[in-house]
Amino acid sequence: MKLKILLPVLLLLGTCLSFGWNLVDDPFTNLLKKMQEYNTKYAQEKVHLHLDKPYYAIGDDIWFKAYVINTQTSEPSTISNILYVELINEKDSVKFRLKLPMTSGITWGDFKLPDSLHEGNYRIRAYTQWMRNAGPDFFFDKTIKIGNSWANEVFTNTTYNFSQGEAAEKVAAKIRFADKNGSPYADSEVSYEVQLNSRGLAKGKAVTNADGEVNIAFVNSQPQLYKSGKILATIALSNKRKVTKYIPVKATSNHVDVQFLPEGGNLVETLPTKIAVKAVNAAGRGEDVSGTIVDNDGAEINRFETLHLGMGAFIVNAQPGKTYIAKVKFKDGSERNFDLPKAQASGYALSISNVQADKIVVKIMMTPDKINSGELKLAALNNGNAYFSTRASTQKQLVVATIPKKELPSGIIQFTLFDPEQNPVAERLAFVNNLEDRIQLTVDGAKPSYAKREQVELSLTAKHMDRPLQGSFSVSVTNTASVTPDPDNESNIFTSLLLTADLTGYVEHPNYYFQDTDEKRLKALDHLMLTQGWRRILWKNVIAGIAPNISFEPEKALNISGVITTYGGKPLPNSKVSLFSSSGGYFALDTLTDAKGRFNFDELVFTDSTKFIIQGRTAKDKRNVEIKLDVVPGQVVTKNKNSGDLEVNVNEALQGYLVSSNNYFDELTKRGVLERTLQLKEVNVVEKKNSAPNSSNLNGAGRADFVITAEMLKTCPTLSQCLQGRVAGMMIQNGMAYLMRSMSVGGRQPMQIILDGMNVGSDFLDNITPADVESIEVLKSIGNTAIYGSQGGGGLLVITTKRGGNYGPSTFAAGIITYFPKGYHNIREFYAPIHNGTVPDNRPDLRSTVYWHPHVVTDAAGKGQFNFFNTDEPGTYRVVIEGIDMMGHLARTVYTYDVK
């Protein structure tokens, strides 16, 4: 992206300003160039996931499409070609992690929600390895509710009451236990543990009353340290089964935190300054407050009232020698006093007015001692790209500039004021929602109403600036009768890529600011800019030449790389490295190490559960080498920042959806499409111990003519010595195993070795260290070898190593390791029945996601088509379409129709 400098419309108040880009090399010009170079070199990525629904139930599938853009160009990213998407539970544990290949910044995938999961507040997190350098604050991280009715027999409803003790917060929780029909579990024993920030706080036992309720009381004596957590409540049912529920503790008090933040960063004496107020309750949600501002003499200076979600603003003109407090009144009638930031005696103030739909008004003010002190500079950046700069003399105290919004890109604009020495002295964020940046997306061919099971045929028309365009679009269709939308709280392609991806912390109801462009919403969005943290690009780092810490390189493809060394750590150049795998078909690759002993098998394509063997040999074909693989550590799961989105009673909040989905899952179970996990009562089972755990034996673990266990191998130096004479009808010659019958017929066909599921030939036996072997299964008879076909003609040795099931490198012999890297997720296709009448189908169609298509592509004329069939459920169907073109223009539209 080229540097773009706008010429603002200026109202000059006795000032002397120069405009545009100064081509002469001076410190400010060089600083802007330095920023541009910094942004180009360290451009980051943003991710948005379009989900098929806002919430789910156990038994559902989660379908999603990922859009990844380059922050420097705002176009689909080509920095990374691999995306990670994770499903994280309430215990901050990753339940599923997908690795997805990307092309031109887009990919798609899905999660299945088996009944081994519990209901709760889950998170979907998405990032690239390159994004890890900027930190998890800038990952896509959304909280979703997942309910459970179909595979659940215990439902809870929890309420909290808070009270304040002496230096402690008291919590009284009431938990009601009931079955699926709402009938209480009376006279049932409940054991519980209260945890705050994973620290055990209280334990106990109770018995439910006639209404299925228990009361739990605990005290938080360190409220500054421990603010939230969970209750683990285990109820004993009449069938002797025990069910544990994880119940969120969102807060331990009704405390409201209030912050006062001067516009531009500082309150300066004699300069009228806007001060933003932000009030957040202990559960993480904004809470509206009001109050008055008084000085140290008790004189009232101003009054204020928050406008939306606990955010607002007011003006204070601080006077020399004065201090100020805010007397804040809360919704419960209580009041508290807060000190306003202390005013500086000298400095600058930067004020932005962004409540008009077509322009931004910028005011620069300075204290009298700064007049005639040199030239000030103002720069406006979006994603590190300079879109506006100007210079102002300091002859007068006030400078005003007006900037047309149509000349600015959509997203967060970072205004920075520099003093004559090029030091940033004030900074302010403003949001521009430029509709001209968007793709104009229309849905054609739709009728206002349809019948049940009727086919819906729709086409898209995509244009930008009235010109057709080619783009990729994702389509989701749901029935609002069962999937109730929450428009203000939606995360969509606009909220993610234009707003929340550039801000730290939790943004409550992000789509509220995109629903309309009325004055109240513009003010509320401006208050968000005044109060929300900004940390993507820091001028001080650019000025000081501090490069970001790059620990993770962009991933372009799957690879297996590392270094070959002696056991003393000395690199071995020109060593031969071989890569073997038999998963999904046998293949072998060879390469040589470079001068530093490094090797790299690049441009690989493999899926999850692929097993590899890597063998290293010196240039003289010696095997006493050490293979060290490059293994990137996994991303740490941070605490959920979206605390305001947590729901204590998930099943109750999703009750309507759970009822409809439960019927759907029951129908799928009847058809055999969906299976339940069998929950067994506690019984004593006496079973023969599996002598070959983790075995890859195609006959089944332990189904062999003879099994040699790890215990039998303890005293053997090599496997050939261990096996010699141990198995009837088998002998060892020259390190290879033979069956007597194969030698007697003159074929001398050695036994094949299957190592952790991979055929490594017949001469591999003594490459394996006996101490690393879990079991050896000897397959001699035709009944056991037949399943292997021609491989089993001379018999087989199925060898399982002790660490054969781990997803990491495992060394089991000199110069040989096994490796189970994370591969690409097998992407499934969304299935929907076809009701065209040619094949009668009287089975109920109760899909909650009516239709999902992640990749509808428009042609050169801007046209794209898709079709689907309605379900048996009447209601208002909601079609949500999101997408992007190659220039980074974004699209979203919502269309509804009725099914009767």
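Presented here is an overview of the structure given in this document.

This part takes up the sheet that holds strand β12 (residues 168-178). Spatially, β11-β12-β15 is the arrangement adopted by the three strands of the open sheet, whose pairing is antiparallel. Every other strand in the sheet has two partners, leaving β11 (155-165) and β15 (213-220) as the edge strands with one partner each. When the angles between neighbouring strand axes are averaged without regard to direction, this sheet yields 20°. Relative to β12, β11 is paired through eleven bridges, and the arrangement is antiparallel. Opposite Gly-165, over in β12, you have Ala-168 as the bridge partner.

Within a regular strand, side chains alternate between the sheet's two faces. Pairing of strand β23 (residues 324-329) with strand β24 (residues 335-339) involves five bridges; the strand directions are antiparallel. Counterpart to Val-328 in the pairing with β24 is Arg-336. Hairpin connection, β23 to β24: the antiparallel pair is bridged by five residues, and Gly-333 has positive phi, about 90°.

What follows concerns the sheet that holds strand β33 (residues 449-450). Read across the sheet, five strands follow the order β33-β57-β56-β36-β54 without closing on themselves; strand pairing throughout is mixed. Each edge of the open sheet carries a strand with a single partner, namely β33 and β54 (849-857). Where strand β36 (residues 471-479) meets strand β56 (residues 875-885), nine bridges bridge the pair, whose relative direction is antiparallel. Within β56, the position partnered with Ser-472 by the bridge is Ile-884.

Within this structure, the stated rule accounts for 27 aromatic pairs. The interplanar angle of 15° and the centroid separation of 4.6 Å between the aromatic rings of Tyr-127 and Phe-139 together place this pair among those described as stacked. With Tyr-127 in strand β9 (residues 120-127) and Phe-139 in the loop between β9 and β10 (140-147), the pair connects residues that are twelve residues apart, well separated along the chain. Among the residues examined, Tyr-127 registers a relative accessible area of 2% and is labelled buried. One residue, Arg-132, lies across the ring of Phe-552, its end atom 3.9 Å from the ring centre. Above the face of the Tyr-512 ring, Arg-521 is positioned so that its terminal group lies 4.4 Å from the ring centre.

Another aspect to go through is unusual backbone geometry. Look at Asp-92: it is not a glycine, yet its phi comes out positive at around 60°. Structurally, Asp-92 is set in the loop between β6 (82-88) and β7 (94-101). Although it is not a glycine, Thr-270 sits at a positive phi angle of roughly 70°. The topology assignment puts Thr-270 in the loop between β18 (256-262) and β19 (273-281).

Conventions used here
Residues numbered from 1 in each chain as written. Predicted model: local features only at pLDDT ≥ 70, side-chain atom pairs only at ≥ 80, totals over all residues. Heavy atoms only, no water. Pairing = 2+ DSSP bridges. Helix = DSSP H or I, 4+ residues; strand = E, 2+ residues; numbered from the N terminus. Axes fitted to C-alpha atoms, helices over the stretch in contact; angles between N-to-C directions. Phe/Tyr/Trp six-rings, centres within 6.5 Å; stacked < 30°, edge-to-face > 60°. Buried < 20%, exposed > 50% of the residue type's maximum accessible area, 1.4 Å probe, protein only. Lys NZ or Arg CZ within 6 Å of the ring centre and 35° of its normal.

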